[in-house]
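# Remarks on the overall topology
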Amino acid sequence: KASEEILKVEQKYNTLRKPFFDKRNEIIKKIPKFWLTSFINHPQLSSIIEEDEEDALQHLSKLEVEEFEDIKSGFKIKFFFDTNPYFENDVLCKEYQLDSKGDPTSTSSDLKWKEGFDLTAKAAKKASLQKGQRKRKLENRTFFSWYTDNEDPS
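Reading guide: rules and limits
- Residues numbered from 1 in each chain as written.
- Predicted model: local features only at pLDDT ≥ 70, side-chain atom pairs only at ≥ 80, totals over all residues.
- Heavy atoms only, no water.
- Core = buried A, V, L, I, M, F, W, Y, C linked by side-chain atoms within 4.5 Å.
- Buried < 20%, exposed > 50% of the residue type's maximum accessible area, 1.4 Å probe, protein only.
- Helix = DSSP H or I, 4+ residues; strand = E, 2+ residues; numbered from the N terminus.
- Contact = heavy atoms within 4.5 Å.
- Salt bridge = Lys/Arg side-chain N within 4 Å of Asp/Glu carboxyl O.

## What to know about the nonpolar core
Within the largest apolar cluster, 24 residues are counted, with the highest numbers of intra-cluster contacts made by F39, L57, F79, F87, L92, F143 and F144. Of all the secondary structure elements, the ones that give two or more residues to this core are helix 2 (34-40), helix 3 (51-57), strand 1 (60-67), strand 2 (74-81), strand 3 (91-98) and helix 5 (143-148). No other element matches helix 5, which puts 4 residues into this core. Not counting chain neighbours up to four residues away, the residues in contact with L57 comprise L36, F39, I49, F81, F143 and F144.

This is the structure in structure tokens:
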């Protein structure tokens, strides 16, 4: 019962914080390459971002995390992009939720790559060339391969 009350309080404060997040987003829009800079300076994210992906990610203009109505059931991450030479989408969305057994699952919206710019295909080709080096799959993970991979929701 206590955890239910805590969740209700979290939901209430998430609603109250929204105007501040909106204001923060307006400020962030004025900072060139804010999200790319944030990602490449993040200890975990920086290790999975390839150079080609840096070029694509400089078109990332906004990021939102939206918790589901029932906070315990999951959340979605929305990546908003300006027009770019890599893909058609202006919003990419990755959702994490718990299935009926309580196991984590994920889904992501389809990435509509423009001709010759499929960065996941390039990463897969690079990974296959490194196969002889016995690297694990996770070590070959890139930002966009993480986005499209829904087998391992970690």
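After that view, the rundown keeps rolling.
## A look at the pattern of salt bridges
Going through the model one piece at a time under the given rule, you end up with 7 salt bridges. K76 is the partner of E95 in a salt bridge, and the nearest nitrogen-oxygen pair spans 3.6 Å. Separated by 19 residues along the polypeptide, E95 in strand 3 and K76 in strand 2 bring together distant segments of the chain. Classification of K76 by relative accessible area gives buried; the value is 16%. The salt bridge partner of D149 is R141, with a shortest N-O separation of 3.0 Å. Here D149 and R141 have matching classes, each one buried.

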